[in-house]
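Okay, here's what each chain looks like letter by letter:
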Amino acid sequence: FFADRSGWQVFDPTPAHGPLRSAFRVDSPERAAAAHTALRLAGIQAEGWPGLPGEIQSTAKAVRLRRTVINLPCHQGLSPRTLFEVLERSGVAKV
């Protein structure tokens, strides 16, 4: 879905996506915030980067990841086509 979307990339090129979410990285914090808003308005409970231990919370890389990673909920029973249709309806493709 995001392959032809400028500014979006799979978080890990060889991801081991879990049964509950798939992680993507967006090219800017502003774009990530807009994507979160579009997804939530569409009823998709996207999440950001999880909480981090205090000793690494302030590193530049950790801060950037926290502001640019989006975890999309997914389920092994959800077909890619259905997921793409939901994402298209959310308007996130325009972000």
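Residues numbered from 1 in each chain as written. Predicted model: local features only at pLDDT ≥ 70, side-chain atom pairs only at ≥ 80, totals over all residues. Heavy atoms only, no water.

**Things to note about the overall build of the chain**
Selection criterion: Helix numbering and strand numbering both begin at the N terminus, where a helix is a DSSP run of H or I of at least 4 residues and a strand a DSSP run of E of at least 2. Throughout this description, buried means an accessible area under 20% of the type-specific maximum (1.4 Å probe, protein chains only), exposed means over 50%, and partly exposed covers the range between. Pairs of residues are marked as contacts when any of their non-hydrogen atoms sit within 4.5 Å. The Shrake-Rupley method, run with a 1.4 Å probe, gives the accessible areas here. Residue values count only the displayed protein chains as cover.
When its secondary structure is counted, the chain shows four helices and three strands. Scanning the chain from its N terminus toward the C terminus, one meets helices and strands in the order β-β-α-α-α-β-α. Looking at the chain as a whole, 31% of its 95 residues qualify as buried. For the chain, the share of sequence-separated contacts (at least 6 apart) that also reach a separation of at least 24 residues comes to 68%. Just so you have it, the chain exposes about 6100 Å², and 56% of that area is on carbon and sulfur atoms.

**Observations regarding the nonpolar core**
Under the convention used in this document: To define a nonpolar core, start from buried Ala, Val, Leu, Ile, Met, Phe, Trp, Tyr and Cys residues and group those joined through side-chain atoms within 4.5 Å.
Trp8, Ala35, Leu39, Ile70, Leu72, Leu87 and Val92 are the most contacted members of the largest nonpolar core, which has 14 residues in total. Contributions of two or more residues to this core are made by strand 2 (21-26), helix 1 (29-41) and strand 3 (69-73). Per-element accounting of this core gives the leading share, four residues, to helix 1.

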